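Structure assessment
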Amino acid sequence: MSDMGEMSDMGVMAKARLGTEGPEVGVQGLGCMGMSFAYGPTDEDAARATLERALELGVTLYDTADMYGFGENEKFIAPFIQAHREDVVLATKFGIVLDRDDPTKRAVRNDRAYIRQCVEGSLRRLGTDVIDLYYMHRRDVNVPLEETVGAMAELVAEGKVKHLGLSEVTGPELAAAHAVHPIAAVQSEWSVFSRDVEAAVVPTAARLGVAFVPYSPLGRGFLTGAFVNASAELGADDFRRTMPRFNEENAAANAALLEPVRAVAEARGASLGQIALAWVQRRAREHGLSVVPIPGTRKPSRVEENTAATRITLTEDELALLEPIAGKVVGGRYADMAFTSAGRE
Ligand SMILES: NC(=O)c1ccc[n+]([C@@H]2O[C@H](COP(=O)([O-])OP(=O)(O)OC[C@H]3O[C@@H](n4cnc5c(N)ncnc54)[C@H](OP(=O)(O)O)[C@@H]3O)[C@@H](O)[C@H]2O)c1
């Protein structure tokens, strides 16, 4: 872990380990969700080229979930995964139940029978006989954590899954789960805009040797400077329209918070997004944590830009400039925060 976030002398992307027993992966992964879900129409040829370009650049961790497009995202990446099965680390998730009739409606299930049904669906759609990293996507507090992690551990014993992960859990939940079966990675939102995880789950992961996989490290695109008037710029069916941070008033206030990010980027000849990605690598180092952010993109040129950020190490002074931003962000991460770990901290 000494080279976390750095490129080696050979110019190959550095690696980070997923937990004490998990595989080594490139220090930046790829979020595949937007290829089939949440962020509007996709150019599928460009998205396929993005998957291939990422691999060429040293990205090995590919992130999807069964609920992204009701299974369509798993199906979309399946040919790529099959073509490169030995070279990629495949992560998918169970636990969020969508309603086809009402896209705003979500439920959470963590019971053993449901998990066993989900894993078979994911394996089938992905066209593989094993999932490298299987996450519980959200916690259902009505099911004992021991039942959920116990059922996930059964899948490891049966060879259907290699390693376990948890998304949007609290520090105590992570520790309790890790006592049932080693957890390789915790995946939650972590970025210049969203730092609540630094209070409990990040230190717990560091203590237990669990890797952190920050999702939405670009603030769902906001940190690239792409949004000034988000309500005008987002498509009608873009999920970000439901997010308080992206409503007209909040987005304008949040866009103004990007000035220090822009200043650091300009001084380095980098993009705002690259500074955001370098920030999460640098913060993880402060916490003594193995980290693999999974920025999402559907464009090869952007995966080039994003992976190049692994060559940037921010200085103390730059960190200090970016430090106050998160505390000033207006609007929650989701419209319904009860759906996250926040209500249980
Ligand atoms: N566990 C969870 O609950 C959870 C929740 C959300 C996401 N995730 C995972 O995390 C991954 C990443 O999160 P995310 O996609 O929500 O957010 P993100 O990575 O913060 O941002 C993605 C957005 O930024 C844009 N973008 C990416 N690179 C860019 C660049 N260099 N310049 C300008 N714009 C750029 C993308 O557009 P284009 O695609 O058009 O390039 C997309 O709109 C997802 O794909 C998913 O796998 C997990």
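You'll find the structure just up there.
The following refers to the structure shown. (Residues numbered from 1 in each chain as written. Predicted model: local features only at pLDDT ≥ 70, side-chain atom pairs only at ≥ 80, totals over all residues. Heavy atoms only, no water.)

1. Quick look at the pairing of strand S9 (residues 161–167)
- Taken across its 7 residues, S9 has 6 buried, putting it largely inside the fold.
- Taken together, the 3 bridges between S9 and strand S10 (residues 185–189) define a ladder with parallel strand orientation. Within the sheet, the bridge partner assigned to glycine 165 lies in S10 and is alanine 185.
- Between the parallel elements S9 and S10, the chain passes through helix H5 (residues 171–180) in a crossover that is right-handed. (Buried < 20%, exposed > 50% of the residue type's maximum accessible area, 1.4 Å probe, protein only. Helix = DSSP H or I, 4+ residues; strand = E, 2+ residues; numbered from the N terminus. Pairing = 2+ DSSP bridges. Right-handed = clockwise from strand over helix to strand, strands pointing away.)

2. Remarks on helix H11 (residues 300–308)
- Looking at H11, one finds that the buried residues are Val303, Asn306, Thr307 and Ala308.
- Here the buried face of H11 lies against strand S3 (30–31), helix H1 (44–56) and helix H10 (272–287). (Contact = heavy atoms within 4.5 Å.)

3. Description of the site of the ligand
- The immediate surroundings of the ligand are formed by 30 residues, with Tyr39, Asp63, Leu218, Thr297 and Lys299 found nearest.
- At 3.2 Å from a nitrogen atom of the ligand is found a side-chain nitrogen or oxygen belonging to glutamate 305.
- Burial of the ligand by the protein chains amounts to 95% of its free accessible area of 900 Å².
- Here the ligand is seated within the largest pocket.
- Sorting elements by how many residues they give to the shell around the ligand places H11 first, with 3 residues. (Near = heavy atom within 4 Å. Polar contact = N/O pair within 3.5 Å; in protein donor to acceptor, adjacent residues only side chain to side chain. Areas by Shrake-Rupley, 256 points an atom, 1.4 Å probe, with all protein chains shown as cover. 1 Å grid on protein atoms, 1.4 Å probe; cavity = no way out; pocket = protein on both sides within 12 Å on 5 of 7 lines; lining within 4 Å. Sits in = over half its atoms within 2 Å of the grid points.)

4. Some remarks on the layout of surface pockets
- When its volume is computed, the largest pocket comes out at roughly 890 Å³.
- Looking at the largest pocket, it is lined by 45 residues, and the ones nearest its centre are Tyr39, Arg220, Gly221, Arg240 and Gly296.
- Per-element accounting of the lining of the largest pocket gives the leading share, 3 residues, to H11.
- In terms of residue class, the lining of the largest pocket is built from 19 nonpolar, 14 polar and 12 charged.
- If you add up the space inside the second largest pocket, you get close to 380 Å³.
- Residues of the lining of the second largest pocket, tallied by class, amount to 7 nonpolar, 5 polar and 6 charged. (Points joined across faces, edges and corners; volume = space filled by probe spheres on them. Nonpolar A, V, L, I, M, F, W, Y, C, P; charged D, E, K, R; others polar.)

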